[in-house]
Number of protein chains: 2
Amino acid sequence: MDSQHLPRINGARLWQSLMDLGAIGATANGGVCRIALTDADRKGRDLVVQWFREAGLEVRVDEIGNVFARRHGTDPDAPAVATGSHIDTQPSGGKFDGNFGVLAGLEVMRTLNDLGIDTRAPLEVAFWTNEEGTRFTPVMMGSGVFAGVFAADHARARTDRDGVRVEAALEAIGYRGEHPAGEVPGGMYAAYFEAHIEQGPVLEAAGLPIGVVSGALGQQWYDVTVTGQDAHAGPTPLALRHDALLASARMIETVNRIARGEAPHGRGTVGYVEVRPNSRNVIPGRVDFTVDFRNLSQEGLDRMDAAMRGAFADIAEAAAVSVDIRQVVKFEPCLFAASCVDSVRRAAASLGLPHMDVVSGAGHDAVYLAQLAPTGMIFVPCKDGISHNELEDALPEHIEAGANVLLQAMLAHAR
Amino acid sequence: MDSQHLPRINGARLWQSLMDLGAIGATANGGVCRIALTDADRKGRDLVVQWFREAGLEVRVDEIGNVFARRHGTDPDAPAVATGSHIDTQPSGGKFDGNFGVLAGLEVMRTLNDLGIDTRAPLEVAFWTNEEGTRFTPVMMGSGVFAGVFAADHARARTDRDGVRVEAALEAIGYRGEHPAGEVPGGMYAAYFEAHIEQGPVLEAAGLPIGVVSGALGQQWYDVTVTGQDAHAGPTPLALRHDALLASARMIETVNRIARGEAPHGRGTVGYVEVRPNSRNVIPGRVDFTVDFRNLSQEGLDRMDAAMRGAFADIAEAAAVSVDIRQVVKFEPCLFAASCVDSVRRAAASLGLPHMDVVSGAGHDAVYLAQLAPTGMIFVPCKDGISHNELEDALPEHIEAGANVLLQAMLAHAR
């Protein structure tokens, strides 16, 4: 089909919906605070559900509060083609993270209604409960329960800092549904797509509106403790020190070096450091820091783990300190289904939108969905790569382009 | 004189005095909390003054609360030979830091009384107000006022965190004296000696009881701020990061490298680090840390300063961050008078005590006294080099040896 004649979403309507939803929980600095299962979340959910119903979609709520809106297809037995994301935000979040994926899905439905296009397979747009994990852990709770990674009972028993359980919070906002998590009318999705802002600087740096996401990096997180001996900075010659911070500095450099050796997908970050006693004229006797390793293959993560353990032991020995490494989090690498990745790439090409293959460095609901169904993601640039921040921003033309790619990709699987 | 016939101090009596003074402000963990100008300090001062009087010494208190106890000489016109240190402690301090120097001086007086030895020059033992600087800054306040480094009025107007002035605190404990600071009957001291625990590990590592202190390292302290850009650890490739912590880690290593290049006296320490936002999956956008450089010559300190500024600028440029360096403290290097250093060395040799030349890495009241009079210091080992800590400890035979060296050195100048 000539790209001139492809159906197009209404960019202005999508933008307005993003602004309207962003007004709920709006902060003074232009951001959004709409933490999962709060009253602000309820208001946001109610507005989106109202929009779903106005678009003629059939809404169901599952037992962990995930909300699904279905547009029926012509073949009642066909498994649905789905999209979705989340509408909860960080405490100092923005208008686009998650919200873009949900409202792009809504805009796909509205557009098909406007154009009178029927699909063979049903279409669904979902928003998943508590993706951010700010008030309740774990993160990506709703999609994790849907995928069977955690039991619904387990997730509903989690508590916030005030002892409030997820179950009670769901009931309080009216989103404790009855539908069993993971059960989809007509069977599991034929395909799942998620549009999302990139939350990184790659597309902006490349000057491209569309990222074709080939997979999500696996993650291994560690807590590290380096123990030396406090001592006075003045009277203690260098050779007699047990300087936990000097050793830690060398380890921080090593984390970066290991990640550089795993280009292009390796990431290594030390984000947290605590120094004791943290006094300017005392040689630090103890440093605690974190390591966050990411890579696209488990073999790559295994190499990073082994390289870190070897190098840290050598550094500790040379600095006359001890080191203890505890792995605290693991997410497996995720390669999205070739069929879905190809659909996204072809959709961008058919629309004449410049694009590149990228990987997701962060976790997304789509990573759990990929355990159940062929899955793909569409990234659009965000300003300065900033997200989880009130400064989060995106250009209307990129938002529109991403939703058009979503429309084409879903149609390719649903027609 | 045959070393068998040299006068000797009473080690058991000195040790008992250290334990008795250490009982005032004793902590549950075996340390001492006797912060300057508190009621505990008053009790400690009163006990030491009582001991001074019982030893027949003439006590005077100056306008900043320094206390002097004089044993008259046979030549009423001779300038005195003096010793001293401080009896205030850190909040979690020990029994020896400062206290040893004061009570070793008292023990010298008691020994000369016991042996009926008269000296030509008068002898004095002093304790200086607020050496530690815990409650009131600056540190080494009493000796600094005595040396004219700060005006007495300026020091007395300093306040603690509750707004209490030094003047009021001195009056409250009864040690607001009338004697003008810096005025010594008979003129400034002919020599000043201070015995002190090393507060470092050098003598213990060398297995020697006596350190002949040739001088004190100069100090230059800095506050450093490295500014990058917060970003998500996952979505941000290494090449697009502005990682303030990675740059800081390289700077910490550089501080150590610069100090290694100034062996044997160069010291470089980063003791304090604050990372922002300090979250495990966020690339740090800002790091504040401190640098403490020490060296025995100003030329050495100047080299360290220049090397740091050049290297930090290069590291910041390579890491795409900015760096700001502010010098916040400066103490000039101090070389003690050859006459006094030689007296300490000869005293140790005459007593058959193994010894080595060392430098003081920390500040001491003796450093200010050195601006007024020929000065020397005697170090004895402390356990594991630990001081400013409730674990601070020393061996009775080292305490005794140090006091015997002090006795010989003072006699060499006073006879």
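- By the naming in an unreviewed UniProt entry, chain A is N-carbamoyl-L-amino-acid hydrolase, taken from Cupriavidus neocaledonicus.

**Quick word on the overall build of chain A**
Next, step 1: Helices and strands together make up the secondary structure of chain A, namely 12 helices and 16 strands.
Next, step 2: Taking 22 Å as the expected radius of gyration for a compact globule of 415 residues, we find that chain A reaches 23 Å, a close match to that expectation.
Next, step 3: Projected onto its principal axes, the C-alpha coordinates of chain A cover approximately 80 × 50 × 40 Å.
Next, step 4: The buried share of chain A, taken over its 415 residues, is 59%.
Next, step 5: Within chain A, residue pairs in contact and separated by at least 24 positions form 79% of the contacts whose partners lie at least 6 positions apart.

**Section: the UniProt feature "binding site: Zn(2+) 2" (unreviewed entry) in chain A**
Next, step 1: Within the UniProt annotation, "binding site: Zn(2+) 2" (unreviewed entry) is assigned to Asp-97, Glu-132 and His-388 of chain A. Across 292 residues in sequence, these annotated residues keep their C-alpha atoms within 9.9 Å of one another, forming a single compact spot.
Next, step 2: With respect to the helices, strands and loops of the structure, Asp-97 of chain A is situated in the loop between β3 (81-85) and α3 (99-115).
Next, step 3: Filtering out sequence-adjacent residues up to four positions away, Asp-97 of chain A remains in contact with His-86, Glu-132, His-196, Ile-197, Gln-199, Ser-387, His-388 and Glu-392 of chain A.
Next, step 4: Looking at Asp-97 of chain A, its side chain comes within polar contact range of the side chain of Gln-199 of chain A, at 3.2 Å.
Next, step 5: In this fold, His-388 of chain A is placed in the loop between β16 (375-380) and α12 (396-414).
Next, step 6: Overall, the relative accessible area of 29% leaves His-388 of chain A in the partly exposed class.
Next, step 7: Leaving out residues up to four positions away in the same chain, His-388 of chain A has contacts with Gln-90, Ser-92, Asp-97, Glu-132 and Gln-199 of chain A together with His-232 of chain B.

**Side note on the interface of chain A and chain B**
Next, step 1: Between chain A and chain B, the residue contacts involve 54 residues of the former and 54 residues of the latter.
Next, step 2: Both sides together, the interface formed by chain A and chain B hides about 4400 Å², and carbon and sulfur atoms give 59% of it.
Next, step 3: Counting the contacts that link chain A with chain B gives 4 salt bridges.
Next, step 4: Between Asp-223 of chain B and Arg-280 of chain A there is a salt bridge, with the nearest N and O atoms lying 2.7 Å from each other.
Next, step 5: Where chain A packs against chain B, one counts 16 residue pairs in polar contact (both at pLDDT 80 or more).
Next, step 6: Only α7 (202-206), β7 (218-227), α8 (244-260), β9 (267-269), β10 (273-276), β11 (282-283) and β12 (286-295) of chain A provide two or more residues apiece to the side of chain A that touches chain B.

**Here's the deal with the relation of the copies chain A and chain B**
Next, step 1: For the pair chain A and chain B, the best superposition has an RMSD of 0.1 Å and corresponds to a rotation of 179° with a translation of 0.0 Å parallel to the axis. With respect to symmetry, the two chain copies, as superposed, fit the operation of a two-fold axis. Closest approach to the rotation axis among the C-alpha atoms of chain A is made by Ala-249 of chain A, whose C-alpha sits 2.2 Å away.
Next, step 2: Mapped onto chain B, 100% of the interface residues of chain A again fall at the interface, so both copies present the same surface.

**So, the environment of His-355 of chain B**
Residues and elements named next belong to chain B.
Next, step 1: Along the chain, His-355 turns up in strand β15 (residues 355-360).
Next, step 2: The exposure class assigned to His-355 is partly exposed, which follows from its relative accessible area of 27%.
Next, step 3: In this structure, the C-alpha to C-alpha distance between His-355 and Val-328, residues 27 residues apart in sequence, is 36 Å.
Next, step 4: Setting aside anything within four residues of it in sequence, one finds His-355 in contact with Leu-208, Ile-210, Val-212, Arg-345, Ala-348 and Ala-349.
Next, step 5: Polar side-chain contacts of His-355 include one of 2.9 Å to the backbone oxygen of Leu-353.

**Focus on the side chain of Asp-365 of chain A**
Next, step 1: By secondary structure assignment, the location of Asp-365 of chain A is in helix α11 (residues 365-369).
Next, step 2: Leaving out residues up to four positions away in the same chain, Asp-365 of chain A has contacts with Ser-85, His-86, Trp-128, Glu-131, Met-140, Ser-143 and Glu-194 of chain A.

**What to know about the environment of His-388 of chain A**
Next, step 1: Taking the C-alpha atoms as reference points, His-388 of chain A and Val-32 of chain A, 356 residues apart in sequence, are found 9.7 Å from one another.
Next, step 2: Side-chain polar atoms of His-388 of chain A contact the side chain of Glu-132 of chain A, separated by 3.2 Å.

**Structural notes on helix α1 (residues 11-22) of chain A**
Residues lying three or four places apart along an α-helix face the same way, a consequence of the helix completing one turn every 3.6 residues.
All names here are of chain A.
Next, step 1: Over its 12 residues, α1 runs 16 Å from end to end, which matches the ideal 16 Å to within 8%, given 1.5 Å per residue.
Next, step 2: Within α1, the full set of buried residues consists of Gly-11, Leu-14, Ser-17, Leu-18, Leu-21 and Gly-22. Across the axial projection of α1, the buried residues extend over an arc of 130°, all falling on one side.

**Let's talk about the packing of α1 of chain A against helix α2 (residues 39-54) of chain A**
Residue and element names in this part refer to chain A.
Next, step 1: Contact geometry of α1 with α2 gives a least axis separation of 10 Å together with a crossing angle of 150°. By the angle between their directions, the pair α1 and α2 is classed as roughly antiparallel. In contact with Ser-17, Asp-20 and Leu-21 of α1, α2 contributes Gly-44, Leu-47, Val-48 and Trp-51.
Next, step 2: Of the residues in the contact of α1 with α2, the class split is 4 nonpolar, 2 polar and 1 charged.

**Examining the domain arrangement of chain A**
Residues and elements named next belong to chain A.
Next, step 1: The domains assigned to chain A are domain 1 (3-216 + 333-414) and domain 2 (218-331).
Next, step 2: Facing 11 residues of domain 1, the contacting portion of domain 2 comprises 11 residues.
Next, step 3: Contact with domain 2 buries surface across domain 1, with Pro-333, Val-359 and Gly-361 losing the most and accounting together for 63% of the total.
Next, step 4: Our count for the contact surface shared by domain 1 and domain 2 stands at 0 salt bridges.
Next, step 5: Remark: the boundary between domain 1 and domain 2 carries 2 residue pairs in polar contact (both at pLDDT 80 or more).
Next, step 6: Looking at the side of domain 1 that touches domain 2, the elements with two or more residues in it are β6 (210-216) and β14 (334-335).
Next, step 7: Of the residues belonging to the side of domain 1 that touches domain 2, the class tally is 8 nonpolar, 3 polar and no charged.

**Regarding the packing of α3 of chain A against α12 of chain A**
A pair of packed helices is captured by two measures, namely the crossing angle of their axes and the spacing between those axes.
Residue and element names in this part refer to chain A.
Next, step 1: Orientation of α3 relative to α12, taken along the N-to-C sense of each, is 60°, at an axis distance of 9 Å. As the angle between them shows, α3 and α12 are arranged oblique. Here α3 runs over α12; the crossing is right-handed. Within the contact between the two elements, α3 uses Phe-100, Ala-104, Gly-105, Val-108, Thr-111 and Leu-112 and α12 uses Ile-399, Gly-402, Ala-403, Leu-406, Leu-407, Met-410 and Leu-411.
Next, step 2: Partitioning the contact of α3 with α12 into residue classes produces 10 nonpolar, 3 polar and no charged.

Conventions used here
- Residues numbered from 1 in each chain as written.
- Chains lettered and ligands numbered in written order.
- Predicted model: local features only at pLDDT ≥ 70, side-chain atom pairs only at ≥ 80, totals over all residues.
- Heavy atoms only, no water.
- Helix = DSSP H or I, 4+ residues; strand = E, 2+ residues; numbered from the N terminus.
- Rg over C-alpha atoms; globule rule 2.2 N^0.38 Å.
- Buried < 20%, exposed > 50% of the residue type's maximum accessible area, 1.4 Å probe, protein only.
- Contact = heavy atoms within 4.5 Å.
- UniProt positions renumbered as here; feature names shortened; annotations may be inferred.
- Polar contact = N/O pair within 3.5 Å; in protein donor to acceptor, adjacent residues only side chain to side chain.
- Buried area = accessible area lost by both parts, 1.4 Å probe.
- Salt bridge = Lys/Arg side-chain N within 4 Å of Asp/Glu carboxyl O.
- Least-squares fit on C-alpha atoms with pLDDT ≥ 70 in both.
- Expected span 1.5 Å × (residues − 1).
- Arc of directions from axis to C-beta.
- Axes fitted to C-alpha atoms, helices over the stretch in contact; angles between N-to-C directions.
- Parallel < 35°, antiparallel > 145°, perpendicular 65-115°, else oblique.
- Nonpolar A, V, L, I, M, F, W, Y, C, P; charged D, E, K, R; others polar.
- Domains from an automatic or database assignment.
- Left-handed = near helix turned anticlockwise from the far one by under 90°.

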